[in-house]
Amino acid sequence: MEDYEEKVYQQLKNGKFTVKSSDLKFRCPFCLNKKKKDYEYRHLVPHAKGAGKKGSSLKKYREKAKHLALARYLEKDCAPVSRDPMEEEDEIEEGQIVDDDGSSNVVEDEKFLYPWKGILVNVEREFKDGRYISQSGNRIKEQLAKFDPVKVHILWDGRGSTGKAIVEFSKDWSGFRNAMSFESEFNRTGRGKGQYRFDRGGSGGMYGWVVREDDYNKSVGVMRKYLSKNGDLKTIKDIEDEDERLKKQLVTNLVQLVDEKNKDLEEVKLQYYETSYSFKNLAVQHDMLNKKYNEETLKMQQDQKDRLEKMSSEREELKLEMESQKEELKMQREELEKFKAQSESEKEKLLEEIQKNAMKISNLEMAELEQSKLDQNLLRIVEEQTRMKEALARERIEEDKNMDAKNKLELEVEQLTWKLKSLTSKAGDDADLELKKMAEDLKDKKEELEYLEDMNQTLLAKSLESNDELQEARKELIKELRDMGNNRAVIRVKRMGEIDVKPFLEACKKKYSADEADIKASVICSNWQEALKDPSWFPFCNVKVGDDVFKTEIDEKDEKLSRLRNGMGEEVFKAVANALLELNEYNGSGRYIVPELWNFKDGRRATLKEGIQRLSKSKKK
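It should be emphasised that the depicted structure is a prediction, and the values quoted were computed from it without experimental measurement.

(A) Layout of the overall build of the protein chain. Counting its secondary structure elements, the protein chain contains 17 helices and 15 strands. Here the protein chain holds 621 residues, and the buried ones make up 29% of them. For the protein chain, long-range pairs separated by at least 24 residues make up 63% of all intrachain contacts whose partners lie at least 6 apart in sequence. For the protein chain, the exposed area adds up to about 42,100 Å²; of that, 50% sits on carbon and sulfur atoms.

As structure tokens, then:
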């Protein structure tokens, strides 16, 4: 600020700013927007000094420096040659300065009642029913609205209104400016504190000024009681020092808070690094388990294929054998018929043989039929076993993850047991001490292992219980959303395995009339929907999509699907193929439609959270 003051002072000396208009008239080059522009020298110097002495909270530092530089320039470089002694007597008394409108302001060492308050005297009142009554504080507050008072409090005693009131302003610096404007307005209209001394009769109307130290000390009665209860005497500097102290305390608190937050951040970073390291280890284990699972899946599929080939081979052999027996029996029957007329006894024997042969043929045909049914049931059983093995493999992967910690402890227990056995054969005090320590460690590890086993069982039970509850909640949510309808919502219920009829309708419109197309499309789509329920039809194949990773897809070489594609087109084929894949995923054994919570925007299975949000929004509407 001192550097800036020196800079402005040099600019004034160099004539950059116009200060002197004539020998008797001067102007402030930094207050050009004020109503009063021309000053006498004796008034301009106090103006510059007063503006330069105001606290930093009232004026900007730059304006303060400019006025201090102006005062310095006026006294050193622009002072009149001689001054009238009479004019010096008219100087502003110490502790006050003159503003543009001639009203008085304050310097920093003067004491005020804080929070800022003003005094009103000669408030209009009337004598009624033995008491003095005046207008309300709110009415006076409305009259003083341009000074933004917080409250106006009328002072009352045993005889009613005293004709005095206290005007309260806000505690901040804007409240101080409003209070000084309040006092300046009353001074300007001749109704300030100085004028009130000459108007004790109250003929001049209502007077007002800001409460200072002398008002506080000389007040008596209800005025004294109210002022002492609702404020303290403070200088501008005291208030600025208190503000500065509060700011420093706030900065200290903020620094401490930042330090605490940085400490918390370091702890979070440490936890993040530990968690990241654990995730990497889990990812490696997950990859190993996936590899193992894919190997077992591939092995199971190969075993299933070998078993089916063996069953097919055995069936063909059995069929050939039955055909051979049928031919042999047929030849025997023909031979018996040739010798039928030889004798009655031979005839009876021939009849018996024919009946036996017929029964054998019937039994063979029934056996062949039963074998065919058995083959179909066996295929279903094999498929069901495959799915069960896949589910067990997934469960085994989860169990392997939970058993990692247990296996690690078991390994440590075995290592400690082995070390304990090896140390048992040693002799000496050192060996005994080490043996004792190893025994204690082994005991601790076994206790920890038992604790982990109990914890694993508890977590497994809770996991199963939570999964059951989630499944029940999902079923109830699906039921609620299905009853609500609204086919345009993003989250709604989809019937997995249901064929889309739109591609059938478009294909039929190309072949039939508009009236026939709807009926034909519905009939054909219904027939294919029934065809999907046949468990013996299995148009799927496993396709390798990565290292040891297989994916189930539609077998496009399937005879039925090929005929459908050739006859109805690609879109119809895709509709049936999608329905087949959905049925295989959601209900491969039963082959019936399953309702599912679906995100139609992203084309995926919706989460339980998304379904609850959709239900909540619908309930609010």
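(B) Layout of the packing of helix α13 (residues 502–511) against helix α14 (residues 514–532). At a minimum axis distance of 8 Å, the contact between α13 and α14 shows a crossing angle of 135 degrees. On the basis of the axis angle, α13 is oblique to α14. The crossing of α13 and α14 is right-handed. Taken together, the residues of α14 that come into contact with α13 (itself represented by Phe504, Leu505, Cys508 and Lys509) are Ala517, Asp518, Lys520, Ala521, Ile524, Cys525 and Trp528. Taken together, the residues of the contact of α13 with α14 break down into eight nonpolar, no polar and three charged.

(C) Here's a closer look at the packing of aromatic side chains. Enumeration over the complete set of coordinates arrives at 16 aromatic pairs. A ring pair is formed by tryptophan 173 and phenylalanine 176, whose centres lie 6.0 Å apart and whose planes are at 85 degrees; its orientation type is edge-to-face. With tryptophan 173 and phenylalanine 176 both in helix α6 (residues 173–188), this residue pair falls three residues apart, about one helical turn. Taking the relative accessible area as the measure of exposure, tryptophan 173 reaches 12% and is therefore buried. An aromatic cluster is built from Phe112, Tyr114, Trp116, Trp173 and Phe176, whose rings are joined through pairwise contacts. One cation-aromatic arrangement involves arginine 125 over tyrosine 132; the distance from NZ or CZ to the ring centre is 4.0 Å. The lysine or arginine in question, arginine 224, covers the ring of tyrosine 216, its NZ or CZ lying 4.7 Å from the ring centre.

Conventions used here
- Residues numbered from 1 in each chain as written.
- Predicted model: local features only at pLDDT ≥ 70, side-chain atom pairs only at ≥ 80, totals over all residues.
- Heavy atoms only, no water.
- Helix = DSSP H or I, 4+ residues; strand = E, 2+ residues; numbered from the N terminus.
- Buried < 20%, exposed > 50% of the residue type's maximum accessible area, 1.4 Å probe, protein only.
- Contact = heavy atoms within 4.5 Å.
- Areas by Shrake-Rupley, 256 points an atom, 1.4 Å probe, with all protein chains shown as cover.
- Axes fitted to C-alpha atoms, helices over the stretch in contact; angles between N-to-C directions.
- Parallel < 35°, antiparallel > 145°, perpendicular 65-115°, else oblique.
- Left-handed = near helix turned anticlockwise from the far one by under 90°.
- Nonpolar A, V, L, I, M, F, W, Y, C, P; charged D, E, K, R; others polar.
- Phe/Tyr/Trp six-rings, centres within 6.5 Å; stacked < 30°, edge-to-face > 60°.
- Lys NZ or Arg CZ within 6 Å of the ring centre and 35° of its normal.

It is worth stressing that arrangement in space is one thing and function is another; only the former is reported here.
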